[in-house]
Amino acid sequence: MSYLITDNWNHIIAFHHIVALIYKMALNKEQIAKRIAQELQDGFYVNLGIGIPTLVANYIPEGVNVVLQSENGLLGMGPFPFAGEEDADLINAGKQTITTLPGSAFFDSAMSFGMIRAGKVDLTVLGAMEVSENGDIANWKIPKKMVKGMGGAMDLVAAAKNIIVAMQHTNPKGESKLLPACSLPLTGVNCVRKIVSDLGVFDVTPNGFVCIEYAPGVTIEEIRSKTAGKLTISPDVKEMTV
Amino acid sequence: MNKVVANADEAVRDIPSGATLMLGGFGLCGIPENCIASLVKQGTKDLTCISNNAGVDGFGIGLLLENKQVKKMISSYVGENAEFERQLLSGELEVELVPQGTLATRCMATGYGMPAVFLQAGYGTEVAEGKEVREFNGKNYLMELAFDSDFAIVKAWKGDKMGNLIFKDTARNFNPLMAMAGKITIAEVEELVEPGELDPNYIHTPGIYVHRIFQGKDYEKRIEQRTVRQR
């Protein structure tokens with residue numbers, strides 16, 4: 001009897017260990033968004049790009065009030081409308097139907113990029129295909145594939161004072177997206193200051209990528225092996241809290 | 001002063017083949033549906049269209065593309081359109097991709113009578129090829145030129161017979177900028193009213209920029225991405 005109990009217990013422990021290993025291998029998209037949301041400060045005006053950046057809006061910390069900017073001409077973007085209340089005249093930059101909030105404001109496209117260019121928008125979060133160790137970003141064009149256009153990405157990266165890139169650390173082939181130099185056509189030069197990937201948080205400095213946090217369960221060795229660009233580990237590196 | 005025309009057919013009748021047009025809208029939001037339909041009916045060819053997007057298959061500028069009326073698109077984002085892709089890859093269509101803020105600001109410069117503006121967007125990328133670079137306060141800027149557009153076609157929510165316009169929500173987007181930038185500006189409106197019925201405090205585009213205005217009809221206002229939440 002006693003043997004059986006012990007045996008079950010060991011199985012349970014082993015099972016938990018496996019789940020923990022799987023769970024802790026790297027961050028999922030929601031966790032990347034959640035970690036970026038920790039960068040939001042009360043009173044920030046924020047532009048969120050399409051994809052993982054959009055998810056950041058779901059994790060705005062309690063007590064932090066931010067105003068979301070949509071570059072097609074809205075400050076104070078609210079949630080999706082209730083079914084039946086969609087308005088074709090009210091969309092975000094991803095062409096999705098949205099709503100306003102108390103205090104929202106509309107404006108034209110020149111003013112929209114004017115406020116970005118003039119540094120009024122505190123934080124821009126966007127995705128990337130590649131980032132180089134000097135902060136160049138490529139996220140709009142793959143040669144020989146259909147080019148859809150850069151939309152507002154070049155304007156945002158050229159002018160925003162604080163840019164966080166949200167992305168997977170490697171591409172589907174397993175190749176590093178943090179490179180010595182971008183191989184794809186550039187969206188902007190020397191502009192990315194921070195990356196949150198599924199493996200960790202990285203500052204982009206004059207000295208290359210600096211790992212300041214690693215995702216739970218991810219080893220520094222894994223980060224080193226998957227970062228092609230110049231990488232240093234911060235002496236204060238710590239495990240990420242998500 | 002009579003700016004009112006009967007309908008879209010009359011408003012676009014003198015647009016010749018080979019003309020350069022600005023077309024307002026972002027995606028399918030705030031596009032001049034009536035004038036696009038009349039241009040399709042009229043069959044005006046070899047158009048150069050300055051518009052943030054190129055419509056979708058079967059709607060917006062997509063209708064002009066299907067009818068092979070467009071020679072060149074000047075846009076920031078041209079996805080969501082299979083016919084566009086086919087024409088581009090076959091070499092039938094020329095495309096100039098311009099960063100969205102640069103596109104908007106070049107429209108603005110035109111309407112403000114400025115020949116060029118200096119913008120950071122695209123510096124160090126292929127967008128910068130052939131452009132003059134100037135350094136201000138340690139940062140590099142591209143010299144971007146104002147547009148030369150024969151016609152601007154915009155869609156407003158309300159307008160009066162003097163040409164004053166008010167736009168609704170995010171359907172404003174490029175419309176007021178392009179309204180200022182056309183040598184001839186055509187405005188189609190959902191509600192055309194008498195002078196005095198619009199509060200002068202709330203006019204987005206003063207009538208001086210608008211040459212032709214008409215009461216639009218049968219707006220479809222198609223939605224590209226219908227996103228909703230549960231109650």
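Every residue gets a number counted from 1 within its own chain, in the order that chain's sequence is written. Numbering of ligands from 1 and lettering of chains from A proceed in the order in which they are written. The model is predicted, so local features are restricted to residues of pLDDT at least 70 and side-chain atom pairs to those at 80 or more, both for listing and for counting; the totals for chains, interfaces and linings are taken over all residues. Hydrogens are left out, water is left out, and the side-chain values use all remaining heavy atoms of the structure.

1. Observations concerning the overall build of chain A
Okay, step 1: Broken down by element type, chain A carries six helices and 13 strands.
Okay, step 2: Projecting the C-alpha coordinates of chain A onto the three principal axes gives extents of approximately 75 × 45 × 40 Å.
Okay, step 3: A burial count over chain A gives 50% of its 242 residues as buried.
Okay, step 4: When contacts within chain A are restricted to residue pairs at least 6 apart in sequence, long-range pairs at least 24 apart make up 60% of them.
Okay, step 5: Per-residue accessibility takes into account occlusion by the displayed protein chains alone, with areas from the Shrake-Rupley method and a 1.4 Å probe. Element-wise, carbon and sulfur atoms account for 57% of the exposed surface of chain A, whose accessible area totals about 11,400 Å².
Okay, step 6: As used throughout, the charge tally considers Lys and Arg to be positive and Asp and Glu to be negative, leaving His and the chain termini uncounted. Every charge is mapped to an atom, namely NZ of Lys, CZ of Arg, CG of Asp or CD of Glu. Positive and negative charge centroids in chain A, built from 20 and 24 side chains respectively, lie 7 Å apart. Secondary structure counts use DSSP, requiring at least four H or I residues in a row for a helix and at least two E residues in a row for a strand, with both numbered from the N terminus. Only protein chains enter the area calculation, which uses a 1.4 Å probe; residues under 20% of their type maximum are buried, those over 50% are exposed, and those in between are partly exposed. Whether two residues touch is decided by their heavy atoms; if any such pair falls within 4.5 Å, the residues are in contact.

2. A word on the confidence of the model for chain A
Okay, step 1: Taken as a whole, chain A shows an average pLDDT of 90; of its residues, 90% reach a score of 70 or greater.
Okay, step 2: When the criterion is pLDDT under 50, residues 1-10 of chain A qualifies, and its contacts beyond four places in sequence or with other chains add up to zero contacts. The quantity known as pLDDT measures the predictor's confidence residue by residue, on a range of 0 to 100.

3. Looking at the interface of chain A and chain B
Okay, step 1: Residue-level contacts link 47 residues of chain A with 51 residues of chain B.
Okay, step 2: Both sides together, the interface formed by chain A and chain B hides about 4,200 Å², and carbon and sulfur atoms give 59% of it.
Okay, step 3: For this document, the term salt bridge refers to a Lys or Arg side-chain nitrogen within 4 Å of an Asp or Glu carboxyl oxygen. At the junction of chain A and chain B, the tally comes to six salt bridges.
Okay, step 4: For Glu86(A), the salt bridge goes to Arg226(B), with nearest N and O atoms at 2.8 Å.
Okay, step 5: Under this definition, polar contacts are N or O atom pairs within 3.5 Å; protein pairs additionally need one hydrogen-donor-capable and one acceptor-capable atom, and for neighbouring residues in sequence, both atoms have to be side-chain atoms. Where chain A touches chain B, the interface holds 25 residue pairs in polar contact (both at pLDDT 80 or more).
Okay, step 6: Residue assignment for the side of chain A that touches chain B shows that the elements contributing at least two residues are α4 (109-117) and α5 (153-159) of chain A.
Okay, step 7: Under this grouping Gly is polar, as are all residues other than the nonpolar Ala, Val, Leu, Ile, Met, Phe, Trp, Tyr, Cys and Pro and the charged Asp, Glu, Lys and Arg. Across the side of chain A that touches chain B, the residue classes break down as 24 nonpolar, 12 polar and 11 charged. Summed over both partners, the accessible surface that disappears when two parts come together, traced with a 1.4 Å probe, is what is meant by buried area.

4. Side note on the sheet that holds strand β9 (residues 178-179) of chain A
Residues and elements named next belong to chain A.
Okay, step 1: Any two strands are treated as partners once DSSP identifies two or more bridges connecting them. Strand order across the open sheet formed by three strands is β7-β6-β9, with mixed pairing between neighbours. Where the open sheet ends on each side, the last strands, each with one partner, are β7 (137-138) and β9.
Okay, step 2: Direction of pairing for strand β6 (residues 130-132) relative to β9: parallel, over a ladder of two bridges. Residue Val131 lies in a different strand from β9, and its bridge partner there is Leu178.

5. As for helix α2 (residues 29-37) of chain A
Spacing of three or four residues puts side chains on the same side of an α-helix, whose turn is 3.6 residues.
Okay, step 1: Along α2(A), the residues that are buried comprise Gln31(A), Ile32(A), Ala33(A), Arg35(A), Ile36(A) and Ala37(A).
Okay, step 2: The N-cap residue of α2(A) is Asn28(A): its side-chain oxygen and the backbone nitrogen of Glu30(A) are 3.1 Å apart.

6. Quick notes on the nonpolar core
Residue and element names in this part refer to chain A.
Okay, step 1: Joining through side-chain atoms within 4.5 Å is the link that ties buried Ala, Val, Leu, Ile, Met, Phe, Trp, Tyr and Cys residues into a set, and such a set is a nonpolar core. Counting 47 residues, the largest nonpolar core has Val165 and Ile195 as its most contacted members.
Okay, step 2: Looking at this core, the elements that each hand over two or more residues are α2, β1 (45-48), β3 (74-77), β5 (123-126), β8 (163-167), β10 (194-197), β11 (200-205) and β12 (208-214).
Okay, step 3: When residues no more than four places from it in sequence are discounted, the contact partners of Ile195 are Val131, Val165, Met167, Leu178, Gly200, Val201, Phe202, Val204 and Phe209.

7. What to know about the pattern of salt bridges
Okay, step 1: Throughout the structure, instances matching the rule amount to 28 salt bridges over all chains.
Okay, step 2: For Glu194(B), the salt bridge identified is with Lys161(B), shortest N-O distance 2.6 Å. Taken together, the residues span a long stretch of sequence, with Glu194(B) in the loop between β10 (182-193) and β11 (212-215) and Lys161(B) in the loop between β8 (149-160) and β9 (165-166) at a distance of 33 residues.
Okay, step 3: Residue classification places Glu194(B) among the partly exposed residues on the basis of a relative accessible area of 38%.
Okay, step 4: Each of Asp87(A), Asp89(A), Lys155(B), Lys168(B), Asp169(B), Glu190(B) and Lys221(B) takes part in one network of salt bridges that share partners.

8. Quick notes on the confidence of the model for chain B
Okay, step 1: Taken over all residues, the pLDDT of chain B has a mean of 96, while the share at 70 or more is 100%.
Okay, step 2: For this predicted complex, the interface confidence reaches an ipTM of 0.96, while the overall pTM sits at 0.92.

9. A closer look at the side chain of Lys141(A)
Okay, step 1: Relative to the elements of secondary structure, Lys141(A) occurs in the loop between β7 and α5.
Okay, step 2: A distance of 2.6 Å separates a polar atom in the side chain of Lys141(A) from a polar atom in the side chain of Glu126(B).
Okay, step 3: When near neighbours in sequence (up to four residues on either side) are disregarded, Lys141(A) contacts Met129(A), Val147(A), Leu184(A), Pro185(A) and Glu126(B).

10. Things to note about the packing of aromatic side chains
Okay, step 1: Between 30 and 60 degrees the pair is tilted, below 30 it is stacked and above 60 it is edge-to-face, where a pair is any two Phe, Tyr or Trp rings, Trp via its six-membered ring, whose centres lie within 6.5 Å. The full count for this structure, using the stated rule, is two aromatic pairs over all chains.
Okay, step 2: Here Phe118(B) and Phe136(B) contribute two aromatic rings whose centre-to-centre distance is 5.3 Å and whose plane-to-plane angle is 65°, an arrangement assigned as edge-to-face. Linking Phe118(B) in strand β5 (residues 116-119) with Phe136(B) in strand β6 (residues 133-136), this pair joins segments that are 18 residues apart in sequence.
Okay, step 3: By relative accessible area, which is 29% here, Phe136(B) ends up partly exposed.
Okay, step 4: Measuring from ring centre to ring centre gives 5.5 Å for Phe136(B) and Tyr141(B), while their planes differ by 75°; the resulting arrangement is edge-to-face.
Okay, step 5: Classification of Tyr141(B) by relative accessible area gives buried; the value is 18%.
Okay, step 6: Joined through ring pairs, the aromatic side chains of Phe118(B), Phe136(B) and Tyr141(B) make up one cluster.
Okay, step 7: Sitting over the ring of Trp157(B), Lys158(B) keeps its end group 4.5 Å from the ring centre.
Okay, step 8: Sitting above the plane of the Phe82(A) ring, Arg229(B) keeps its charged end 4.0 Å from the centroid. By definition here, charges over rings are those cases where NZ of Lys or CZ of Arg is within 6 Å of the ring centre and within 35 degrees of the ring normal.

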